[in-house]
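# Reading the structure
Spelled out from the first residue to the last, the chains are:
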Amino acid sequence: MGNTVAREDFEWVYTDQPHADRRKEILAKHPEIKALMKPDYNLIWVVVLMVLAQLTAFYLVKDLDWKWVVFWAYVFGSCISHSMTLAIHEISHNSAFGNSKAMWNRWFGIFANLPLGLPYSISFKRYHMDHHRYLGGDGIDVDIPTNFEGWFFCTRFRKFIWIVLQPFFYAIRPLCINPKPITRLELINLLAQLIFDVVIYYLWGVKSMFYMLAGSVLGLGLHPISGHFIAEHYMFLKGHETYSYYGPLNLLTFNVGYHNEHHDFPNIPGKSLPLVKKIAAEYYDNLPQYNSWIKVLYDFVMDDTISPYSRMKRKLKGEVKQD
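As annotated in an unreviewed UniProt entry, the chain carries the name Sphingolipid delta(4)-desaturase DES1 and comes from Catharus ustulatus. Heading Subunit (unreviewed entry) of the UniProt record for the chain holds this comment: "Interacts with RLBP1; the interaction increases synthesis of chromophore-precursors by DEGS1." The chain has a UniProt comment under Sequence similarities (unreviewed entry) that states "Belongs to the fatty acid desaturase type 1 family. DEGS subfamily."

### Focus on the UniProt feature "transmembrane region" (unreviewed entry) in the chain
Under the local residue numbering, the UniProt record ascribes the feature "transmembrane region" (unreviewed entry) to residues 43–61, 68–87, 107–124, 187–204 and 210–231. Secondary structure across residues 68–87 comprises 100% helix and 0% strand; the distance between its end C-alpha atoms is 27 Å. Note that residues 107–124 is 61% helix and 0% strand, and that its end C-alpha atoms are spaced 14 Å apart.

### Overview of the nonpolar core
Within the largest apolar cluster, 38 residues are counted, with the highest numbers of intra-cluster contacts made by Val47, Met84, Trp162, Ile230, Phe236 and Phe300. Put simply, the parts of the chain that give this core at least two residues each are α2 (42–60), α3 (66–92), α4 (102–113), α7 (156–164), α11 (227–233) and α15 (293–302). With near-sequence residues (within four places) excluded, Met84 lies in contact with Val47, Met50, Val51, Ala112, Pro115 and Leu116.

### Describing the packing of α3 against helix α10 (residues 206–219)
Packing of α3 against α10 leaves a shortest axis separation of 7 Å and a crossing angle of 50°. Classed by the angle they form, the pair α3 and α10 counts as oblique. In this structure, α3 crosses over α10, and the sense of that crossing is right-handed. On α10, the residues touching Trp66, Val69, Val70, Trp72, Ala73, Tyr74, Phe76, Gly77, Ser78, Ser81 and His82 of α3 are Val206, Lys207, Phe210, Tyr211, Ala214, Gly215, Ser216, Leu218 and Gly219.

### Focus on unusual backbone geometry
Phi angles above zero are rare outside glycine, and Asn94 is one such case at about 65°. Structurally, Asn94 can be placed in the loop between α3 and α4. The phi dihedral of Phe254 is positive, around 55°, even though this residue is not glycine.

### Describing the environment of Asn260
Residue position: Asn260 is located in helix α12 (residues 259–264). Asn260 gets classed as buried once you look at its relative accessible area, which sits at 3%. Taking the C-alpha atoms as reference, Asn260 lies 9.7 Å from Pro18; in sequence the two are 242 residues apart. Ignoring any residue separated from it by four or fewer positions in sequence, one finds Asn260 in contact with His19, Arg22, Thr242, Tyr243, Ser244, Tyr284 and Leu287.

### As for α15
Turning to α15, its buried residues are Trp293, Val296, Leu297, Phe300 and Val301. Down the axis of α15, the smallest arc covering the buried residues is 125°, so these residues share one side. For α15, exposure combined with an orientation more than 90 degrees from the buried face picks out Ile294, Lys295 and Tyr298. In this structure, the buried side of α15 is in contact with α7, α11, β2 (244–245) and β3 (289–290). Taking the backbone nitrogen of Ile294 as reference, a side-chain oxygen 3.4 Å away marks Ser292 as the first, capping residue of α15.

### Here we look at the side chain of Asn250
Position of Asn250 relative to the elements: it lies in the loop between β2 and α12. On the accessibility criterion, Asn250 (5% relative accessible area) is buried. Within polar-contact distance, the side chain of Asn250 engages the backbone oxygen of Gly247 at 3.2 Å. Contact partners of Asn250, with chain neighbours within four places excluded, come to Tyr245, Asn255, Val256, Gly257 and Tyr258.

### Side note on the pattern of salt bridges
Should the charged atoms of two oppositely charged side chains come close, the side chains can pair. According to the stated counting rule, one finds 16 salt bridges in the structure shown. Here Glu282 ties to Lys29 by a salt bridge, and the two come within 3.1 Å at their closest N and O atoms. Of this pair, Glu282 sits in helix α14 (residues 281–284) while Lys29 sits in helix α1 (residues 19–29), placing them 253 residues apart in sequence. Assessed through its relative accessible area of 39%, Glu282 is described here as partly exposed. Between Asp299 and Lys295 there is a salt bridge whose closest N-O contact spans 2.7 Å.

### Thoughts on the packing of α3 against α4
Two numbers describe how α3 lies on α4: the axes approach to 9 Å, and their chain directions differ by 175°. Put simply, α3 runs roughly antiparallel to α4. In contact with Met84, Ile88, Ile91 and Ser92 of α3, α4 contributes Asn105, Arg106, Phe108, Gly109, Ala112 and Asn113. Along the lines of polarity and charge, the residues of the contact of α3 with α4 split into five nonpolar, four polar and one charged.

### Let's talk about helix α9 (residues 184–204)
Note on helix geometry: an α-helix contains 3.6 residues per turn, so any two residues three or four positions apart are oriented the same way. An ideal rise of 1.5 Å per residue puts 30 Å on 21 residues; α9 measures up with 30 Å between its terminal C-alpha atoms. All of the buried residues along α9 are Leu185, Glu186, Asn189, Gln193, Phe196, Asp197 and Ile200. Around the axis of α9, the buried residues are gathered within 105° of arc, so they sit on the same side. In α9, the exposed positions that point more than 90 degrees away from the buried face belong to Arg184, Leu191, Val198 and Tyr202. Residues of α9 that are buried sit in contact with α2, α4, α5 (121–133) and α10. Directly beyond the C-terminal end of α9, a positive phi value near 90° is found at Gly205.

Definitions and limits used
Residues numbered from 1 in each chain as written. Predicted model: local features only at pLDDT ≥ 70, side-chain atom pairs only at ≥ 80, totals over all residues. Heavy atoms only, no water. UniProt positions renumbered as here; feature names shortened; annotations may be inferred. Helix = DSSP H or I, 4+ residues; strand = E, 2+ residues; numbered from the N terminus. Core = buried A, V, L, I, M, F, W, Y, C linked by side-chain atoms within 4.5 Å. Buried < 20%, exposed > 50% of the residue type's maximum accessible area, 1.4 Å probe, protein only. Contact = heavy atoms within 4.5 Å. Axes fitted to C-alpha atoms, helices over the stretch in contact; angles between N-to-C directions. Parallel < 35°, antiparallel > 145°, perpendicular 65-115°, else oblique. Left-handed = near helix turned anticlockwise from the far one by under 90°. Arc of directions from axis to C-beta. Polar contact = N/O pair within 3.5 Å; in protein donor to acceptor, adjacent residues only side chain to side chain. Salt bridge = Lys/Arg side-chain N within 4 Å of Asp/Glu carboxyl O. Nonpolar A, V, L, I, M, F, W, Y, C, P; charged D, E, K, R; others polar. Expected span 1.5 Å × (residues − 1).

Quick look at the structure:
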């Protein structure tokens with residue numbers, strides 16, 4: 001897949017995003033999908049077990065040689081950490097407790113955030129809702145790279161470095177594109193995280209802290225699961241801005257690979273997205289799709305026509321409402 005000419009700017013489009021129209025069509029034809037719009041209570045127990053697994057790992061690595069701390073941070077910690085960010089993604093859509101208990105979801109997101117080492121959950125929710133409402137929106141959707149990223153990370157080597165540094169760009173980009181006032185919940189998220197980190201350091205020392213932080217950075221950078229960052233919306237085929245992935249890593253990522261289905265029905269938990277695809281197969285089977293996130297990463301680096309510029313971007317019209 002690929003274009004024929006290297007991009008020097010984003011793909012500016014002047015149409016609405018396709019997901020709202022497709023959602024309306026699908027619901028008219030398959031109203032039974034509405035029954036899937038309910039919380040996934042199993043998510044609560046999965047998240048609790050993941051937190052306990054990381055706490056156990058923090059204890060087990062505290063006396064290991066440094067080479068083994070690094071090894072386990074990449075092989076195990078990074079997978080759990082990245083999976084936890086996608087659990088937080090589910091929680092941001094109120095999938096754990098439902099829309100009627102929105103604050104329960106916010107507190108639970110702060111709890112799920114703890115083994116990542118860095119405060120993330122509350123800010124992610126605020127920006128992620130903008131991503132769904134205003135996909136590709138200029139100055140609003142911080143999933144879109146900056147002009148600097150598109151201009152500078154244009155060679156194979158630089159694109160490789162860009163993938164390695166993904167967690168830093170995701171952290172810094174909102175401050176450059178769409179800074180927002182800090183909220184009370186964000187301060188609570190920060191304070192809870194600082195207390196947790198201090199306790200881990202006091203109990204088990206620097207190796208446990210390193211394992212926690214390195215796992216988060218490595219898991220969101222050069223890692224097979226990180227292929228989803230690029231697979232979701234980077235335009236490998238002209239005219240298509242959202243892509244689904246139907247490979248086995250969905251088992252570790254709460255089905256985030258079902259990304260067309262997710263944008264069409266953001267209030268359906270990841271557990272039920274394969275059912276959406278099955279029920280409305282005529283809408284999804286013929287859309288461009290992936291079966292390997294590793295191949296997505298390889299193609300992104302090696303295809304000279306693909307870069308951070310390979311995104312659709314929109315000038316927003318009318319009133320913009322942000323969280």
